[in-house]
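Single-letter residue listing:
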Amino acid sequence: MTHENVLWSQDEALFSAMEKQDLSASAKHFFEEMKAKMLDENAPWPETLIWEHDNSDQLYLLRQGYDEFMLGKGTSREEWQNTEIHTMTLSEALSTNLKTAHLLNRDITFLEWLQEYDFSCVRYDHRNDGNAIS
């Protein structure tokens with residue numbers, strides 16, 4: 001099958017490794033959805049994957065294009081500008097240490113944080129262009 005996008009080698013390795021792990025149903029769903037989005041769903045406007053109002057840590061995750069991600073914290077423009085991290089791969093976003101990135105006071109990666117929430121705060125059907133994805 002031909003896809004619109006080619007994954008970076010780091011993300012290919014990530015998805016391959018996750019396919020071999022015994023994941024929770026929600027974690028498996030996350031990796032399947034993200035792979036499908038990154039291969040075939042261009043997000044010309046930032047797609048909100050995690051909304052800062054949906055979790056007590058006020059973290060957010062946006063996807064731009066096929067595989068660029070913005071990870072940050074806060075509910076105001078000032079907070080966003082002071083905390084946002086831009087990555088070119090999902091694997092880089094997931095491996096971000098939230099303490100060293102000054103997003104949380106705990107020594108935890110973004111993937112570990114998602115696992116604590118059992119991926120429940122991830123939205124798979126919303127783009128910032130105002131249109132839900134069907």
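Structural data are supplied above this passage.
Residue positions are given per chain, counting from 1 as you read along its sequence in written order. Residue-level local features of this predicted model are given only where pLDDT is at least 70; pairs of side-chain atoms are given and counted only at 80 or more, and the full residue set underlies all totals for whole chains, interfaces and linings. In computing side-chain values, all of the structure's heavy atoms are included and hydrogens and water are not.

> Looking at this model, I keep getting lost on the packing of aromatic side chains. Mind explaining?
To describe a pair of aromatic rings, one takes the distance between the centres and the angle between the planes. Ring pairs shown here join Phe, Tyr and Trp side chains whose ring centres sit within 6.5 Å, with only the six-membered ring taken for Trp; geometry is labelled stacked below 30 degrees between planes, edge-to-face above 60, and tilted in between. This model, assessed by the stated rule, comprises six aromatic pairs. A ring pair is formed by Phe-30 and Phe-31, whose centres lie 5.0 Å apart and whose planes are at 80°; its orientation type is edge-to-face. Phe-31 shares its class with Phe-30; the two are buried. Here the aromatic rings of Trp-113 and Tyr-117 are separated by 4.6 Å at their centres, their planes lie at 45°, and the arrangement is tilted. The classification of residues rests on relative accessible area computed with a 1.4 Å probe and restricted to protein chains. Under 20% of the type maximum is buried, over 50% is exposed, and intermediate values are partly exposed.

> Is there a simple way to think about the sheet that holds strand E3 (residues 68–73) in this case?
Hydrogen bonds along the backbone pair up the strands of a sheet, which may run parallel or antiparallel. Strands are labelled as partners when DSSP assigns at least two bridges between them. We count a stretch as a helix when DSSP gives it H or I for four or more residues in a row; a strand needs E for two or more, and each element gets its number in order from the N terminus. Taking strand neighbours across the sheet as the criterion, the four strands line up as E1-E2-E3-E4 in an open arrangement whose pairing is antiparallel. What marks the edges here is a single partner per strand, and that holds for strand E1 (43–50) and strand E4 (85–87). Shown here is a sheet whose adjacent strand axes are inclined to one another by a mean of 20°, direction ignored. Bridge analysis of E1 against strand E2 (residues 59–65) gives four bridges, and the strand direction is antiparallel. Paired with Glu-47 across the strands is Arg-63, a residue of E2. Angles shown run from 0 to 180 degrees and are taken between the N-to-C directions of axes, each axis being a line fitted to C-alpha atoms and, for helices, limited to the stretch in contact.

> Please clarify how the pairing of E2 should be interpreted in this entry.
Consecutive side chains along a regular strand alternate between the two faces of the sheet. In terms of residue burial, E2 counts as a mostly covered element, since six of its seven residues are buried. Bridge count for E2 against E3 is six bridges, and the pairing is antiparallel. Across the sheet, Arg-63 pairs through a bridge with Phe-69, a residue of E3. With antiparallel pairing between neighbouring strands as the criterion, E2 and E3 make up a hairpin whose turn holds two residues.

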